[in-house]
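This is what each chain is made of:
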Amino acid sequence: MDFVLCLFSFLFGLCLGSFANVCIYRIPQDKSIVRPPSSCPHCGHKIRFYDNIPVISYLFLMGRCRQCKAFISWRYPLVEILMAFLSLALFFKFGFGLQYLLWVLFAGTLVILSFIDFDHKILPDVLTFPGIAVGWFISFLPGGISWSDSLVGLVAGGGSLYLVATVYARITGREGLGGGDIKLLAMIGAWMGWQSLPLIVLMSSLGGAVIGSAFILLGGKGARTQIPFGPFLSLGALAYLFFGRHISLWYYNMFV
Ligand SMILES: [Zn+2]
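Residues numbered from 1 in each chain as written. Predicted model: local features only at pLDDT ≥ 70, side-chain atom pairs only at ≥ 80, totals over all residues.

Undergrad: Lay out the overall build of the chain with the relevant residues and their values.
TA: Scanning the chain for helices and strands turns up 9 helices and 0 strands. Listing the helices and strands of the chain from first to last along the sequence gives α-α-α-α-α-α-α-α-α. The C-alpha atoms of the chain give 20 Å as radius of gyration, which agrees with the globular expectation for 256 residues (18 Å, within 12%). For the C-alpha atoms alone, the extent of the chain along its principal axes is close to 60 × 50 × 35 Å. Intrachain contacts of the chain at a sequence separation of at least 6 include 67% that bridge at least 24 residues. (Helix = DSSP H or I, 4+ residues; strand = E, 2+ residues; numbered from the N terminus. Rg over C-alpha atoms; globule rule 2.2 N^0.38 Å. Contact = placed C-beta atoms within 7 Å.)

Structural data, given as structure tokens:
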């Protein structure tokens, strides 16, 4: 494996993580993700390029704004490092090429959506709708899934959650799943094909149930806090992307 390319994919991931932070912060506020340049949320001081180097600037400034010394959230370097490792892992999986770039885009979108869902309990349409369209569009390119698997995945992903959401709302009179979750699973289905959906839904529901129960046990009153499902769907999709074949084989050997 070429060391220079590994290093490049890691650094590329760091920079994408930096951009992902901008998206996570600005998209829910309907602000442009291109202009103006980043500034300190506390004092408005414009962040110079040398203070905007992923991770390194954060460590150098010891997590504070150069101007007003206000603390900067540790989540910024965390998202950068997360994207760097995702980019590196995708490089190992696909090698350097179009498939690598496309899946980095997919993983980056999932990271942005997950953190926005954490913060605001929404999955913005400006991300999921283009995500669905791009997923289906790239299925016409060579090297991926067929356009029909993608289309069935899109419809089945969105449709199955829509059905679950409607039935749940009928029975309980409360809204359990948001429209954003429906569009997110449609996007995942369009990118990964319908075959991926059962395992992704199973893994994300299990994850959501475990974390949800833990919250109820620990939090008491916090039981009513709505736990966003988007991060679990995203984690499920990424787990399937990297380990889907292994998990399917293991499952087959265990139970069939
Ligand atoms: Zn400041």
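This is not the end of the story, as more comes after the structure.
Undergrad: Tell me about helix α6 (residues 147–172), residues and numbers included.
TA: With 26 residues, α6 ought to run about 38 Å at 1.5 Å a step, and its terminal C-alpha atoms sit 37 Å apart, in line with that. Ser150, Gly153, Leu154, Gly157, Gly158 and Leu161 are the residues of α6 that are buried. In the stretch just after α6, Gly173 is the one whose phi turns positive, near 75°. (Expected span 1.5 Å × (residues − 1). Buried ≥ 20, exposed ≤ 12 C-beta atoms within 10 Å, placed from the backbone.)

Undergrad: So, the environment of Ile200: which residues are in play, and what are the values?
TA: By the element assignment, Ile200 lies in helix α8 (residues 197–219). Spatially, the C-alpha atom of Ile200 lies 9.2 Å from that of Phe232, the residues being 32 residues apart in sequence. Those residues in contact with Ile200 that lie beyond four places of it in its chain are Ile188, Gly236, Ala237 and Tyr240.

Undergrad: Residues and numbers for α8, please.
TA: Helix length check: α8 (23 residues) gives 31 Å between terminal C-alpha atoms against 33 Å at 1.5 Å per residue, within 8%. Residues Leu197, Ile200, Met203 and Ser204 constitute the buried set of α8. Those residues of α8 that are buried lie in contact with α6, α7 (179–192) and α9 (230–255).

Undergrad: Just give me the short version of the packing of helix α5 (residues 125–138) against α7, but keep the residues and values in it.
TA: Where α5 meets α7, the axes come as close as 8 Å, and the angle between the chain directions of the two elements is 20°. The orientation of α5 with respect to α7, classified from their angle, is roughly parallel. As for how α5 packs across α7, the hand of that crossing is left-handed. Residue-level inspection shows Asp125, Thr128, Phe129, Gly131, Ile132, Gly135 and Trp136 of α5 in contact with α7, the latter providing Gly180, Lys183, Leu184, Ala186, Met187, Ala190 and Trp191. When its residues are assigned to classes, the contact of α5 with α7 shows 8 nonpolar, 4 polar and 2 charged. (Axes fitted to C-alpha atoms, helices over the stretch in contact; angles between N-to-C directions. Parallel < 35°, antiparallel > 145°, perpendicular 65-115°, else oblique. Left-handed = near helix turned anticlockwise from the far one by under 90°. Nonpolar A, V, L, I, M, F, W, Y, C, P; charged D, E, K, R; others polar.)

Undergrad: Talk me through the nonpolar core; I want residue IDs and the actual numbers.
TA: Ranked by internal contacts, the top residues of the largest apolar core, which has 49 residues, are Ala20, Met83, Ala107, Val111, Ile112, Ile188 and Ala237. Counting only elements with at least two residues in this core, the list comes to α1 (3–26), α3 (75–94), α4 (98–120), α5, α6, α7, α8 and α9. The leading source of residues in this core is α4, at 10 residues. Those residues within four positions of Met83 in sequence are excluded, and the remaining contacts are Gly13, Leu14, Leu16, Gly17, Ala20, Gly108 and Val111. (Core = buried A, V, L, I, M, F, W, Y, C linked by C-beta atoms within 7 Å.)

Undergrad: Can you tell me about the packing of α1 against α4, naming the residues and giving the values?
TA: Relative to each other, α1 and α4 sit at 40°, their axes nearing to 9 Å. Classified by the angle their axes make, α1 and α4 are oblique. For the pair α1 and α4, the crossing hand works out as right-handed. The segment α1 lies against α4, with Leu16, Ala20, Cys23 and Ile24 engaging Val104, Gly108, Val111, Ile112, Phe115 and Ile116.

Undergrad: Talk me through unusual backbone geometry; I want residue IDs and the actual numbers.
TA: One can expect most non-glycine residues to show negative phi and most peptide bonds to be in trans. A cis amide bond links Arg35 to the next residue, Pro36, at an omega of -10°. Among the secondary structure elements, Pro36 is positioned in the loop between α1 and α2 (56–60). The backbone phi angle of Lys69 is positive, close to 65°, even though this residue is not glycine. Even without a glycine there, the phi angle at Lys121 is positive, about 60°. Positionally, Lys121 belongs in the loop between α4 and α5. The exposure class assigned to Lys121 is partly exposed, which follows from the 15 C-beta atoms found within 10 Å.

Undergrad: Residues and numbers for the environment of Leu151, please.
TA: Mapping Leu151 onto the fold places it in helix α6. According to the C-beta neighbour criterion, Leu151 is partly exposed, with 17 such atoms within 10 Å. Sequence spacing of Leu151 and Ala190 is 39 residues, and the spatial spacing of their C-alpha atoms is 6.0 Å.

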